[in-house]
Structures are given as structure tokens and as C-alpha cells.
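Coordinate inspection notes
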Amino acid sequence: MKIINKIQKAEQDGRFFWSFEYFPPKTDMGVRNLYDRMERMQRYGPEFIDITWGAGGSSAELTTEIVATAQSVYGLETMMHLTCTNMPVEKIDKALEAAKKCGCQNILALRGDPPKGQLNWESCENGFQYAIDLVRYIREKYGDYFCIAVAGHPEGHIDNPDKQDDLQRLKEKVDAGADLIITQLFFDVDVFVQFARKCREIGIQCPILPGLFPIQSYSGLSRVISFNNNHVPQKIWDDLETIKEDDQAVKDYGIHLAIQFVKQIKKETGISGFHIYTFNLERSSRLILERLGLVPQLEYVKPLPWNPSLGPKRTKETVRPIFWKNRTHSYIQRTESWDEFPNGRWGDARSPAFGEFDRWGVSIKYPVDKQLAMWGTPQSVDDIALLFARYCKGRLEALPWSAQRLDPETETIRQRLAAINLMGYLTINSQPAVNGVKSSDPVYGWGPKNGYVYQKAYIEFFVSPEQLNELIVSMDQDPEITYFAVNHKGDLKTNTPDSDPNAVTWGVFPAKEIIQPTIVESTAFMAWKDEAFELWNEWARIYDRQSTPAKLILDIHQHWYLVNIVHNDFQNENGIWHLFDLEIDGDLSRKLRRASGSL
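Residues numbered from 1 in each chain as written. Predicted model: local features only at pLDDT ≥ 70, side-chain atom pairs only at ≥ 80, totals over all residues. Heavy atoms only, no water.

Considerations on the pairing of strand 4 (residues 106-110)
With five of five residues buried, strand 4 lies mostly within the body of the structure. The two faces of strand 4 match: N106, L108 and L110 on one face and I107 and A109 on the other face are all buried. For strand 3 (residues 78-83) and strand 4, the ladder comprises four bridges, and the chain directions are parallel. What sits directly across from T83, in strand 4, is L110. Relative to strand 5 (residues 147-152), strand 4 is paired through four bridges, and the arrangement is parallel. Counterpart to A109 in the pairing with strand 5 is V150. (Buried < 20%, exposed > 50% of the residue type's maximum accessible area, 1.4 Å probe, protein only. Helix = DSSP H or I, 4+ residues; strand = E, 2+ residues; numbered from the N terminus. Pairing = 2+ DSSP bridges.)

The structure is reproduced here in C-alpha cells:
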């Protein structure tokens, strides 16, 4: 979707809107951590994000990769920076085609900074001299397909000492086809207010988004303003002088200052949108939005129980197997070339298989030292069970199957999850039963207003063959239970011989068909099991192959089963737990007492 349309809608609704800017990290681990951060910050309701283009095109490939991932995996409307620096027309064409291919319809057209080692900017052979040339080229070649943003300079461009002429150049970019203006950062809010008024006076009517940089540190401020010789009012320097050695106090001051800027800009110009230069940081952006009271309305943030993909082939995707709930990235990559779901009800039966199993999909996000710090060196199954139980209790940051904390909806079943892990059922996914909660509910809600949402109780875990056999006896006595159990070799045990999908989440909304976005079905489960078991191998690799932890983990990989269970009576909150309550005995009580200190 074009960002200008979203901005116009926000302005019509009379509400605040905001956006975040990120830059491509220098390391692979930095990129993965940025994806985690972008996923978390999506919950803060940005209208869009943008990804910078390194000086001299140095990050071109990574920029396009991050844009594609943000669009397809995290469902974030994304704007891609594109500069003239070191970019002949052929490279510009390649970048624009890459953006279009991944569904990105938004470009920030810039002249760009000089390449590294150069003081003065020069155009390259068969390239463009100015941002206006790039704007014209995009419009000529792609028409209205792209929303084009351009940069505004409240203090004037560093290379143009004539501020009035600089404003005129900005108007020419807008007249050439730019849809909106995003300003460079500034620290004198009065300068921005005057800039916005002058823009309107000379006929610039498009949206103008002020670029805000929450001050992070005293030295960081000095470094940032050196790029463009930004003016910082003396009052800010005076305020910072007494706290400049206290980084936390400086950060808090930067948050307060940004909040004051937003309020003053709204009051004096009527502009209600702003663009935050995050510098790939999170806390300040979150606190600015919280303290302004800008809690996103539910329908803007969570139209489905998961963030919809904005990839061009997946924009209408309304169903996902529940197995990848905690590993969205690998699910999207695995199914990128798989256009539809493998059943006649939701898709084209001619596409019956998932994409190739790849290394990215099974990698553990954390470096080895962090993994060792979190998971230690387990010496027994009980030690591993304790790690899983601690994760369920919120005392452990992550497990190989989930790199984030449990969802808030799990709060109601957290204690039981911890208990059954100590019994030897190593859980990796779950959801409680929900019987008709309003779609506006802050924990379970999703979808349009005035609807109701439902969930069947679901749980997924690894378990030993011996315990599985005992569990199957119990499951066979409950007609509401359906299950799949498989080992790494693919030996499947189930009481659901047909391949029909089982909807485990659904919503009922005014004037709509019933929406069933989360399913359990056999084809997806058999594809997921490869990834689920491979993560045991990934975990084992951080230890010496002959060590006790490695042998223990590999033995689980080799012999245990992956099991998922659905309790189909969604009105029975406790139905699924009766399977495990049968086994709570004196031995478990002793385990719980021994583990209580660690939990």
C-alpha cells in the first residue's frame, strides 16, 4: 500500500500517526536482532517504517533484503531509501524492481551523501545529479505505482547557503511528483515551525513529517549535529550540562524534549504526524508514544492473531498453521514460493508442498555465549525440563523454539505449563480455550470492532515414547481430543486419519463470514516437524560432541516424539488439562518442591 494513502486516512480521522526509521546493521547477528526489534516495535502502531540506504550505496543489497523481510514476514508497510550516490541508472532500476517484487510501494528519493573518503558530492557516470532527477525518473518509468517521499531541511541544506532557494528546490521536487516530505532531524522546534509555515506560503501542500531524534547521550548529540551543523538552542545545552555524565538522565531528557516538540508542532502547525529516527533503538520511541497517550487502536495493529504479510503474493493470506506461531520468519521463507495452502478449502490443491528446508529457518538467533548463559550444561532430562518450566514462568528469556517471551494470553495457563514440563512434557506452543471474547479484548482480541473471537485449547510438546504411549491411552478415552504425534524419522501416530484442517482460532464479526485464521492440519505438521527436531541438533552443537549435554539433547532428538493436541470443546477451559492431571502424583509433588527455588 502507498504510505500517502495511509497518511491521508489518518489526517481525515484526525488522529496522530508516526513512523520509525532503521538502518542496516553491520553484522548478521545485528540484522537478526533488528528483526526482533522491528517485530516488537510493530506493536507500537507505526503507520510505516523506512530503511536507510548506506552512503555510496554501500548497503544496497542489505537494505532491499530488510525491506523485503519487513514487508513479507512482519507485515510492516515499508519505505525504502534510494540515493543517487554511486547509482547508475541500471542499479536504480534493479533496486526499484526489487522493491516492487516484494510489495514495497514507497521510496524516499535522496541525492545522498558523498561516498566514503570523498568530501564533495559528485554524480556517477550514467547517474543522476539531484534528488529531483530521481523523482522524475521514478514517475516517468513507474507512473503512480510508487509513493515518493523527499527530504526537507528545516535549517536549509548544508550545501545551499540560500535558505529561500533551498525551499524553492523543495517545491520543485514536490511539483515533479513527490507525495510527502520527511525532514532531517532538528533540535530547535521553532525552526521547524517556521519551515512548515514557509512551505505552505510558497504552495507546498503535501504532508510534512517532522523528523525527531530522541537524544540518547551527550556525546551522541554532539556527533549527530556535526553531520549537518544543526543548531541546538542554548537552553538545551544548559539543561544537559548538569546531567551529561548520567546517560539515563540524558535519555530521559531526550524523551521529554521529543514529547514537547510533538505537542508544540501540533499546536502551532496542526501537523499530527512525526517520524522518529530510532538509530535502531527501542526504549525512547516506546516511552515517547506511551507518555503522549498514543496507544494504537486495536484494528490498526492486530487485524489477525498474527501480523499479516505484505508480500505481494501473501497480502490476502488469512490462514496459517499454528505450528509456526513462534517462528514466523522461517514459516514465511519456507512457503515463499508456495502460493496457497495445501487444501481445497483455502487454496490451490495443485500446490501441495512447502518450500525447501533451509538453514536460516532452523538457526537459533543467539550467539553461543548467550545460549550457554541461558541454558547452561544440562546433565539430565530433569535439568532440561526445568529450563522449559522456567521459560513458561517467565524466568528464562528464550528457548530454541521461541526467541520471545510468552504471549499475554498464556498468563492463565502459565502455572500448568510449568507443571507439565516438570512431568516430562516439554512444551513449545500452546493457547488456552476462549469462548466468545470481544474482539476489542486487550489480551485475546483481534479483527474488526464489535466482533467475538474463539479458541480451542491447544498444546504442543516433545515427550518420550514411553510417556506418549500412556498419554495415548488417556486421549483415546476423550472424544473431544484430536492429536498428531511424530518422531524425527516421520513415524506418525494420530486419531485423525483424514487431512481436513482443524480451525483452532476463529472470529465472528458484523457483516462478514466467519474467519478461521489458525489451523492444525497434517501436511503442515509433517513439514514443521523437520524444523522442530532440527532445533535440537542446533542446540547440541554449542557443546562438545562427547559431552553429557550434547549426548542428552541428541538422544531426545533421536527417540522422542513431537505431539500436538487439540481439545475441540472450546467451552471447556480445563478439558485439555485433565490428560495431565491424571499423572500428578507424589513424585511430581517432590519434583515441584525441589524445583521451586529455581522457578
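Re the packing of helix 8 (residues 218-228) against helix 9 (residues 234-241)
Running from N to C, helix 8 and helix 9 cross one another at 155°; their axes reach a closest spacing of 11 Å. Judged by the angle between their axes, helix 8 and helix 9 are roughly antiparallel. On helix 9, the residues that touch Y218, L221, S222 and I225 of helix 8 are W237, L240 and E241. Across the contact of helix 8 with helix 9, the residue classes tally to five nonpolar, one polar and one charged. (Axes fitted to C-alpha atoms, helices over the stretch in contact; angles between N-to-C directions. Parallel < 35°, antiparallel > 145°, perpendicular 65-115°, else oblique. Contact = heavy atoms within 4.5 Å. Nonpolar A, V, L, I, M, F, W, Y, C, P; charged D, E, K, R; others polar.)

Points about the sheet that holds strand 18 (residues 561-567)
Read across the sheet, five strands follow the order 10-13-18-14-15 without closing on themselves; strand pairing throughout is antiparallel. Pairing within the sheet leaves two strands with one partner each, and these edge strands are strand 10 (426-431) and strand 15 (492-494). Adjacent strand axes in the sheet meet at a mean angle of 10° when their direction is disregarded. Lying on the sheet, helix 17 (residues 414-422) is in contact with strand 10 and strand 13 (457-463); it crosses strand 10 at an angle near 155°.

A word on the side chain of H153
Within the secondary structure, H153 sits in the loop between strand 5 and helix 6 (163-175). Taking relative accessible area as the criterion, H153 reaches 17% and is therefore assigned buried. If we skip the residues at most four places from it in the chain, H153 touches D166, Q184 and F195.

Focus on helix 18 (residues 465-475)
Along helix 18, the residues that are buried comprise Q467, L468, L471, I472, S474 and M475. For helix 18, the angular spread of the buried residues around the axis is 155°, confining them to a single face. On its buried face, helix 18 is in contact with strand 13, strand 14 (481-487), strand 15, strand 18 and helix 21 (578-581). (Arc of directions from axis to C-beta.)

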